[in-house]
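# Chain and residue survey
What follows is the residue order along each chain.
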Number of protein chains: 2
Amino acid sequence: MKPENTSLEITKATSSTIGKVDFDNLTFGKYYADHMMICDFIDGKWETPKILPYGPMQMEPSAKVFHYGQAVFEGMKAFKDKDGKVWLFRPEENFKRINKSSKRMAIPEFPEEYFFSALKTLLKLDKEWIKSGDGNSLYIRPFAIATEAGVSASPSNRYRFVIICCPAKAYYSSPVKVTIAQEYSRSADGGVGFAKAAGNYGAQFYPTNLAKDKGYQQIIWTDANTHEYLEEAGTMNIFFRIGDKLVTAPTNDRILDGVTRKSIIALAERENIEVEVRRVTVKEIVEAAENGSLKEIFGTGTAATVAQVSGFEFQDNYHELPEVENPYSMKFKKMLQDIQYNRAEDPFGWRYAVEV
Amino acid sequence: MKPENTSLEITKATSSTIGKVDFDNLTFGKYYADHMMICDFIDGKWETPKILPYGPMQMEPSAKVFHYGQAVFEGMKAFKDKDGKVWLFRPEENFKRINKSSKRMAIPEFPEEYFFSALKTLLKLDKEWIKSGDGNSLYIRPFAIATEAGVSASPSNRYRFVIICCPAKAYYSSPVKVTIAQEYSRSADGGVGFAKAAGNYGAQFYPTNLAKDKGYQQIIWTDANTHEYLEEAGTMNIFFRIGDKLVTAPTNDRILDGVTRKSIIALAERENIEVEVRRVTVKEIVEAAENGSLKEIFGTGTAATVAQVSGFEFQDNYHELPEVENPYSMKFKKMLQDIQYNRAEDPFGWRYAVEV
Ligand SMILES: Cc1ncc(COP(=O)(O)O)c(C=O)c1O
Ligand SMILES: Cc1ncc(COP(=O)(O)O)c(C=O)c1O
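Residues numbered from 1 in each chain as written. Chains lettered and ligands numbered in written order. Predicted model: local features only at pLDDT ≥ 70, side-chain atom pairs only at ≥ 80, totals over all residues. Heavy atoms only, no water.

### Structural notes on the domain arrangement of chain A
All names here are of chain A. For the record, the criterion: The source of the domain bounds is an automatic or database domain assignment. Definition used for salt bridges: Asp or Glu carboxyl oxygen within 4 Å of a side-chain nitrogen of Lys or Arg. In protein, a polar contact requires one atom able to donate a hydrogen and another able to accept it; more generally it is a pair of N or O atoms within 3.5 Å, and residues adjacent in sequence count only if both atoms are side-chain atoms. Counting from the N terminus, the helices are the DSSP runs of H or I reaching at least four residues and the strands are the DSSP runs of E reaching at least two. Each residue gets one of three labels, nonpolar for Ala, Val, Leu, Ile, Met, Phe, Trp, Tyr, Cys and Pro, charged for Asp, Glu, Lys and Arg, and polar for the others, Gly among them.
Segmentation of chain A into domains returns domain 1 (9–168) and domain 2 (176–340). Relative to domain 2, the C-alpha centre of domain 1 lies at a distance of 27 Å. Between domain 1 and domain 2 we count 1 salt bridge in total. A salt bridge links Glu-93 to Lys-262, with the nearest nitrogen and oxygen atoms 2.9 Å apart. Counting across the interface, domain 1 meets domain 2 through 10 residue pairs in polar contact (both at pLDDT 80 or more). Elements supplying a minimum of two residues to the side of domain 1 that touches domain 2: strand E6 (71–73), strand E7 (76–80), strand E8 (86–89) and helix H2 (91–104). With 6 residues, H2 is the largest single contributor of residues to the side of domain 1 that touches domain 2. A class-by-class count of the residues in the side of domain 1 that touches domain 2 yields 8 nonpolar, 3 polar and 8 charged.

The structure is reproduced here in structure tokens:
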């Protein structure tokens, strides 16, 4: 348990916008919970974090984040169980990862006490925004941006760490069609692909638009050098089920080390489902699709939890995946959600109780 | 000549901050000229551009630029000649390039009339900020950012195009020591390296800090796949002089197509200096340094114009470059500046007069 009593400066919202939100028909990212956390890094240190009513911020037009993309973020969720208790899922993983991302982007690391006491305070203040029921959650977006005014291409000496929250329902509800990258790439060896650096995402929008024009919602990225190895999707790691075995790429400096990915590997091991963590070639997946041994492809990530892939395109051939009974994707989604919503034992200690 | 009379909404600053600026001791990017241009893209179109007093902007914490780095920029300069006339240098190149960058980052292209009439209006209003004299200029920073509020990882449907200006003196005055990238990389094949996308720059800060700790101001990036080919520096293209010949890497989807680079290639051709535009290996440059045929290395870019390199590090060996008489770097710098400051003929038509 992390210290509860780090001092934060709290300014409560005088009214709530929750009445405007139709929780049954949510557009993800449209509404924000009433409070946010802001913490500035000035003169070499993080100041006392402030909890404030959610609202716009003043920024210098020359703030380095606009020019040099010195920015990182995280994505995590709070869940409410049927008794109204609130839970986070492995939040220390997100905490460690944002600092790993920050280090690569030359942003100072954020203190652990601040991160956890801000999370707890926000969830307490905005507990009404967390709805119980499968697929419902409060999505939490911590991020850090370079705020120094100055257009010279060098690291900022001022930063702002912010946490905002927005209510979410299940992300991709129906199975997605994907295409395998053969021209564009997501990241380079020795680059920042392993970090949740802002620029990694904007760089995918154009190729993803091209894919969408052809009827594919997502791209499975391959290595930039040869396009022969399957890596990950835009905001999900990728698993392939060949026969009864799961295969997924190892993480490296191009691939995000997903919390959902590592949780599913642990669950699969518990279920005695073999998982091979190794480089996966496009060739073997096409062959497996052709000879019928490819049973499933699914993506894993905080937003989608587990997203079924219904088929993939490679070199103008579309490979539809079979309909399998009791798919692994659904099995793992349920197992994960049962832990997240406190409906099942948590032998791994992944659930993190929040007093609200 | 571009149309002069596109309507802009102009709000003049009621007072100027120019009195605070010590033009003899400028810190680059510390002071901004009194006016800026802001133009918003809303409901599928760019609104009428606004000229406003320079100042902070209100941003939603969930604005996509903060989270997904959907942002591009340009860098250009205005020069004042001894008669007080104001000139831009090949501004249509910057205009074309920002739209090329925008396209890759899924940002809508900006209209040419808006770009040029905003530039002209800003330079007219802030003409006092442009100082004559070698090395003095007004640095112009056009940039475009995604402003839609929303944390889902997809292209924004709102954007803001901004132009801010700041007075500048010569950038790197003394020769720089550089190191050759062997571990980190700047960009991937099929990535966004050719674009002035914000995230490309923030991603270089950490490796550049490591280089600085070892005494090198800049990194010469190599290809991410093999680290065998020399590509460009952080904000400069790179030329090698071997004997009396110049060698520089061809542009591709990893390398920025620099305006200074292409101007120097044209000047060299006019001077009957041979320029080989081809892949350059680290090996040949190390060998040329060892056998004495490597005479110069220099970087080229709008900020620095031409920056002499005094030596380079590769695999823990430092190669000091010889002191040559009448170096090409200085020759080209002078030629370029003579054109920029209207001290020489401009057979190429690079100079662009601005009525102030
Ligand atoms: C590039 C990328 N890959 C994978 C993931 C999945 O990671 P996690 O399971 O921790 O959400 C994400 C999203 O968070 C991501 O941005
Ligand atoms: C990555 C990079 N390379 C090269 C350059 C030089 O280009 P230009 O000569 O157009 O300024 C720049 C800067 O503008 C740059 O950002």
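### Describing the site of ligand 1
Residue and element names in this part refer to chain A. Put simply, the rule is: Throughout this document, a residue counts as near a molecule or strand when at least one of its heavy atoms sits within 4 Å of that molecule or strand. Only the protein chains shown count as cover for residues, and all accessible areas are computed by the Shrake-Rupley method using a 1.4 Å probe.
The environment of ligand 1 is made up of 16 residues, and the closest members are Tyr-201, Glu-232, Val-259, Thr-260 and Thr-302. Measuring from an oxygen atom of ligand 1, one finds a side-chain N or O atom of Lys-196 at 2.7 Å. Thr-302 places a polar side-chain atom, nitrogen or oxygen, 2.6 Å from an oxygen atom of ligand 1. Against a free-state accessible area of 390 Å², the protein chains account for coverage of 97% of ligand 1. For the shell around ligand 1, the elements supplying multiple residues, two or more each, are helix H5 (259–270) and strand E18 (294–301). Tallied by class, residues from the shell around ligand 1 come to 4 nonpolar, 8 polar and 4 charged.

### Notes on the nonpolar core
Inclusion rule: Throughout, nonpolar core names a set of buried Ala, Val, Leu, Ile, Met, Phe, Trp, Tyr and Cys residues whose side chains join them through atoms within 4.5 Å. The buried label applies to any residue whose accessible area, calculated with a 1.4 Å probe on protein chains only, is under 20% of its type's maximum; exposed applies above 50%, and partly exposed to all values in between. For this analysis, residues touch if any pair of their heavy atoms sits within 4.5 Å.
In terms of nonpolar packing, the biggest core is built from 57 residues, with Met59(A), Phe66(A), Met59(B) and Phe66(B) touching the most fellow members. It is helix H4 (residues 198–213) of chain A that contributes the most residues to this core, 5 residues altogether. In contact with Met59(B), other than residues within four places in its own chain, are Pro56(A), Met57(A), Met59(A), Phe66(A), Val65(B), Phe66(B), Ile145(B) and Thr147(B).

### Describing the environment of Lys45(B)
If you trace the backbone, Lys45(B) turns up in strand E3 (residues 45–46). Each C-alpha atom, one on Lys45(B) and one on Pro108(B), is 8.7 Å from the other, the two residues being 63 residues apart in sequence.

### Some remarks on the site of ligand 2
All names here are of chain B. Around ligand 2 there are 16 residues in total, and Lys-196, Tyr-201, Glu-232, Thr-260 and Thr-302 lie nearest to it. Here Arg-97 contributes a side-chain N or O atom positioned 2.8 Å from an oxygen atom of ligand 2. In this structure, a nitrogen atom belonging to ligand 2 sits 2.5 Å away from a side-chain N or O atom of Glu-232. Considering ligand 2 on its own, with 380 Å² of exposed area, one finds that the protein chains cover 97% of that surface. Looking at the shell around ligand 2, the elements that each hand over two or more residues are helix H5 (259–270) and strand E18 (294–301). Grouping the amino acids of the shell around ligand 2 by side-chain chemistry returns 4 nonpolar, 8 polar and 4 charged.

### Comments concerning the side chain of Lys333(A)
Residues and elements named next belong to chain A. Filter applied, for reference: When charges are tallied, Lys and Arg are placed among the positive residues and Asp and Glu among the negative ones, while His and the ends of the chain are skipped.
Here Lys-333 is to be found in helix H7 (residues 328–340). Asp-134 provides the closest opposite charge to the buried, salt-bridge-free Lys-333, at an N-O distance of 7.6 Å. Contacts of Lys-333, omitting those with residues within four sequence positions, involve Ala-304, Thr-305 and Val-306.

### Notes on the packing of helix H2 (residues 91–104) of chain B against helix H3 (residues 112–125) of chain B
Axis angle and axis distance: for two packed helices, these are the angle between their axes and the distance between the axes, and together they describe the pair. Residues and elements named next belong to chain B. Formally: Only C-alpha atoms enter the line fits that serve as axes; for helices the fit covers just the stretch in contact. Angles between N-to-C directions range over 0 to 180 degrees. Angle categories are assigned with fixed cut-offs, so that under 35 degrees is roughly parallel, over 145 is roughly antiparallel, 65 to 115 is roughly perpendicular, and the rest are oblique. If you view the pair so one helix is near and one far, a crossing is left-handed when the near helix is turned anticlockwise from the far one by less than a right angle, and right-handed when it is turned clockwise.
For the pair H2 and H3, interaxial distance at closest approach is 11 Å and the crossing angle is 135°. Taken together, the axes of H2 and H3 are oblique relative to one another. The crossing of H2 and H3 is right-handed. Within the contact between the two elements, H2 uses Pro-91, Glu-92 and Phe-95 and H3 uses Glu-112, Phe-115 and Phe-116. Among the residues forming the contact of H2 with H3, the class breakdown is 4 nonpolar, no polar and 2 charged.

### A word on the packing of aromatic side chains
Rules: Here a Phe, Tyr or Trp ring, Trp counted by its six-membered ring, pairs with any other such ring whose centre lies within 6.5 Å, and the pair is stacked when the planes are under 30 degrees apart, edge-to-face when over 60, and tilted otherwise.
Enumeration according to the criterion identifies 55 aromatic pairs over all chains in this entry. Residues Phe79(A) and Tyr341(A) carry aromatic rings whose centres are separated by 5.0 Å and whose planes lie at 65° to one another, so their mutual orientation is edge-to-face. Residue Phe79(A) is found in strand E7, and its partner Tyr341(A) is found in the loop between H7 and strand E21 (351–354); the two are separated by 262 residues along the sequence. Given the relative accessible area of 4%, Tyr341(A) is considered buried. Between Phe41(B) and Trp46(B), the ring centres sit 5.1 Å apart and the planes meet at 65°, which makes this aromatic pair edge-to-face. When sorted by exposure, Phe41(B) lands in the same class as Trp46(B), which is buried.

### Overview of the interface of chain B and chain A
Quick reminder of the rule: Using a 1.4 Å probe, buried area is obtained as the accessible area two parts lose upon being combined, added over both of them. A pair of strands is considered paired only if DSSP assigns at least 2 bridges between the two.
Of the residues lining the interface, 60 residues belong to chain B; the matching set on chain A comes to 60 residues. Summed over both sides, the interface between chain B and chain A buries roughly 4,900 Å², with carbon and sulfur atoms accounting for 64% of that surface. Contact with chain A buries area across many residues of chain B, yet Pro61(B), Phe66(B) and Phe205(B) alone supply 14% of it, more than any other trio. Scanning the region where chain B abuts chain A turns up 0 salt bridges. Applying the counting criterion to the chain B and chain A interface returns 22 residue pairs in polar contact (both at pLDDT 80 or more). Elements represented by at least two residues in the side of chain B that touches chain A include exactly strand E5 (57–59), helix H1 (64–68), strand E6 (71–73), H2, strand E9 (137–146), strand E10 (159–168) and helix H4 (198–213) of chain B. A per-element tally of the side of chain B that touches chain A places H4(B) first, with 9 residues. Partitioned by chemical class, the residues of the side of chain B that touches chain A number 35 nonpolar, 19 polar and 6 charged. Both strand E5 (residues 57–59) of chain A and E5(B) contribute to a ladder of 3 bridges, which runs antiparallel.

### A closer look at the confidence of the model for chain A
As a reminder, the rule being used: pLDDT: the predictor's confidence for each residue, scored from 0 to 100.
Predicted confidence across chain A gives a mean pLDDT of 96, with 97% of residues reaching 70 or more. Predicted complex metrics record ipTM = 0.97 and pTM = 0.97.

### Let's talk about the pairing of strand E2 (residues 35–42) of chain B
Residue and element names in this part refer to chain B. With 8 of 8 residues buried, E2 is to be regarded as a mostly interior element. Burial along E2 is two-sided: the residues His-35, Met-37, Cys-39 and Phe-41 and Met-36, Ile-38, Asp-40 and Ile-42 are all buried. As paired elements, E2 and strand E4 (residues 50–53) share 4 bridges and run antiparallel to each other. What sits directly across from Met-36, in E4, is Leu-52. Here E2 pairs with E10 via 5 bridges, running antiparallel. In the strand pairing of E10, Ile-38 is matched with Val-162. In textbook terms, the turn of a hairpin is the stretch between consecutive antiparallel strands, and for E2 and E3 this stretch comprises 2 residues, one of which, Asp-43, has a positive phi near 50°.

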